[in-house]
Amino acid sequence: MLKICWKSFLRSWKHNATVQVTTISVLCGTFFVITAFALIHENLNGLLSRWGQEVQMTVFLDDDIKLEELDSLKTGLESDSSVKEVTYVSKQDAARQFLNQMGTMAPEFLGDEKFGNPLPASLEVSLASGLSKGSGFDRLVGLADGLLKKAGVEDVSYGQGWIENYASVVNQFGRSSWFVIFVLLAGSFLIVGNSIRNSVNQKREEIEVLELVGATPFRVQAPFIFEGSVFGLLSASIAIVLAFVVFQGQSLVADSSLQFLGLSTELQFLSVTKMLLILSFGLLSGALGSWLCVRSISTGWSAASRQESLGL
Amino acid sequence: MIQFQHTYKTYVGDVCALKDVNLNIDKGEFVFLTGPSGAGKTTLFKLISAFDKATSGSVKVAGYDLNRVKPTEIPYFRRRIGVVYQDFKLLKNRTVFENVAIPLEVLGFKPTVIESRVAEILSRVSLSNKKMSFPEQLSGGEQQRVAIARAVVHQPGVLIADEPTGNLDPTLSEEIMDLLESVNAQGTTVFVATHDHSMVQRRNKRVIEIDGGEVGEA
């Protein structure tokens, strides 16, 4: 059957090359946009993940925290799988760190005897990598909320503002991407369907002869579905190659002109899984688009209906 | 092999194409169907080849009751018959060999079997030397011989031919009739529609006449 489908595809290509090339070009454009969206989303997520690895949570403690409360907090955090490391910073250590940092910027501040110690003791918590990405971000918020309810905790800080904003941008982009991908895939069904309809019209006589000699509907439809699948797969493959070429060009620009952002090492092309997913989308949208078009061309009585409609 | 019992076919607008047709054709018979244009010949053949359904009555061909057959069974029924049309219905972008091979491909035969069966049938219709030609490179008679070869290559029990000589000159028409007779001699039931009375008389076969949708023996 595969051989028959392949021969039929080559025959279509031979007799209708212009339409075939046009269809593949338009589909290729569609899949290029889909690939670009996936690529941007993957890299935005990658940046979120990298920044997430650098996130530290600071748990500010009450001045009058009891020793057993501190131990309980520390033990609880250390046993949490989201936490990589917990370091206790006493009021004195905090003041020392503060004065050291200020000393580099304002040396006269070091000699200020009126400076008391308003800084609280804290627990500095290093978080496990990737925690701020996706559902991990919710876990981070949950962990902070849980800590705030514990005795001896005054406040929790983990750079809520920018992480929340960035995560929200990435999530919003992800949702918009799915919408755009859905619209483009629907469009690709129509493009494939249109081309297959054209192919069906060109092969009217062949369909009639196949019905005449006892071909099953599957036998009649399979070459068209195969043709649509090849369109989809070929277009998605070309789109991925084009996206890779454009990505390489943009990486070079990022490397030379935007070096200060340090993006060049972070930018990554799509993973093999995502490329396979896009190829599968191509294959399936081609197959589905053509199936929707040809599912009723061979019903056993269709040749008769056609003859009647032609007044034969 | 072919049986009509009280068969009616009415089209939209109460146009009665067949009226109470009762007909019985046995296995191995060669039968002519004659009648003027519009008499109902094509309608009768469309019912026999399951390209249309009778309005009432029954049509039985090669063991299938065509008024009760499910659409999914129609392809399997059509594999047991062969059909030849006046306009040949050959695929222009395929060679003679490829055209004749279509029924065998549909039946799922191996390429080696297809090769030998097609070669054999092309030899029977004297077209072995044209197997790589395209239909448009052949004469009318040759194209009809290809159509007949395609109709019988899978060895059907019944061959129906709707005006197979309608587009051919008298010499070629005789040639095609000789070929159909040789197919019949192999055991295939042959049912031929024609309005060429002189040829029917020369052949001395069973003749069924149809006029105004009514059928009777000549």
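Provided above is the structure to which this section pertains.
Anyway, here's the lowdown on the structure attached to this text. Every chain is numbered independently, its residues counted from 1 as its sequence is written. Chain letters start at A and ligand numbers start at 1, both assigned in the order the entries are written. The model is predicted, so local features are restricted to residues of pLDDT at least 70 and side-chain atom pairs to those at 80 or more, both for listing and for counting; the totals for chains, interfaces and linings are taken over all residues. To get the side-chain values, take all heavy atoms of the structure and skip hydrogens and water.

1. Digging into the packing of aromatic side chains
Residue and element names in this part refer to chain A.
Here comes step 1: By convention, a stacked pair of Phe, Tyr or Trp rings (six-membered ring in the case of Trp) has centres within 6.5 Å and planes under 30 degrees apart, an edge-to-face pair has planes over 60 apart, and any other such pair is tilted. Tallied over the full model, the rule gives 10 aromatic pairs over all chains.
Here comes step 2: Ring geometry for Phe-244 and Phe-269: centres 5.0 Å apart, planes at 85°, overall edge-to-face. One end of the pair, Phe-244, is in helix α8 (residues 217-257); the other, Phe-269, is in the loop between α8 and α9 (272-294), with 25 residues separating them in the sequence.
Here comes step 3: Burial here depends on accessible area, computed with a 1.4 Å probe over protein chains only, as a share of the maximum for the residue type. Under 20% is buried, over 50% is exposed, and the range in between is partly exposed. Relative accessible area serves as the criterion here: at 14%, Phe-269 is assigned to the buried category.
Here comes step 4: Between Phe-247 and Phe-269 the ring centres are 5.4 Å apart and the planes differ by 55°, which places this aromatic pair in the tilted class. Numbering of helices and strands runs from the N terminus; a helix is a DSSP stretch of H or I covering at least four residues, while a strand is a stretch of E covering at least two.

2. So, the environment of Leu-2 of chain A
Residues and elements named next belong to chain A.
Here comes step 1: Inspection of the secondary structure assignment puts Leu-2 in helix α1 (residues 2-15).
Here comes step 2: Owing to a relative accessible area of 62%, Leu-2 belongs among the exposed residues under this scheme.
Here comes step 3: Each C-alpha atom, one on Leu-2 and one on Phe-226, is 8.4 Å from the other, the two residues being 224 residues apart in sequence.

3. With respect to the side chain of Arg-219 of chain A
Here comes step 1: Locating Arg-219 of chain A in the fold gives a position in helix α8.
Here comes step 2: As a buried residue without a salt bridge, Arg-219 of chain A has its nearest oppositely charged side chain in Glu-105 of chain B, at a separation of 4.2 Å.
Here comes step 3: Contacts are assigned to residue pairs with any non-hydrogen atoms lying within 4.5 Å of each other. Those residues within four positions of Arg-219 of chain A in sequence are excluded, and the remaining contacts are Met-1, Ile-4 and Leu-210 of chain A together with Glu-105 and Val-106 of chain B. Charged residues are defined narrowly, with Lys and Arg counted positive, Asp and Glu counted negative, and His plus the chain ends left uncounted. By definition here, a salt bridge exists when the distance from a side-chain nitrogen of Lys or Arg to a carboxyl oxygen of Asp or Glu is within 4 Å.

4. Observations concerning unusual backbone geometry
All names here are of chain B.
Here comes step 1: Positive phi values are uncommon outside glycine, yet Asp-20 reaches one of about 45°.
Here comes step 2: Summarising the element assignment, Asp-20 is placed in strand β2 (residues 15-25).
Here comes step 3: Non-glycine residue Glu-163 carries a positive phi angle of around 50°.
Here comes step 4: Note that Glu-163 resides in the loop between β7 (158-162) and α6 (170-185).

5. Some thoughts on the packing of α8 of chain A against α9 of chain A
Helices that pack against each other are described as a pair by the angle of their axes relative to one another and the distance between those axes.
Residue and element names in this part refer to chain A.
Here comes step 1: Geometry is summarised by axes, namely lines fitted to C-alpha atoms with helices restricted to the contacting stretch, and by angles between N-to-C directions that run from 0 to 180 degrees. Interaxial distance between α8 and α9 falls to 7 Å at its minimum, and their mutual angle equals 150°. In terms of orientation, α8 lies roughly antiparallel with respect to α9. Every pair of crossing elements has a handedness; the one defined by α8 and α9 is right-handed. Seen from α8, the contacting residues are Gln-221, Phe-224, Ile-225, Gly-228, Ser-229, Gly-232, Leu-233, Ala-236, Ser-237 and Ile-240; seen from α9, they are Met-275, Ile-278, Leu-279, Gly-282, Leu-283, Gly-286, Ala-287, Ser-290, Trp-291 and Val-294.
Here comes step 2: Note on residue categories: nonpolar means Ala, Val, Leu, Ile, Met, Phe, Trp, Tyr, Cys or Pro, charged means Asp, Glu, Lys or Arg, and polar means any other residue, Gly included. In terms of residue class, the contact of α8 with α9 is made up of 12 nonpolar, eight polar and no charged. Oblique is the label for any angle not under 35 degrees, not over 145, and not in the 65 to 115 range, which are roughly parallel, roughly antiparallel and roughly perpendicular in turn. Here is the rule for handedness: rotate from the far helix to the near one, and if that takes an anticlockwise turn smaller than a right angle the crossing is left-handed, while a clockwise turn gives right-handed.

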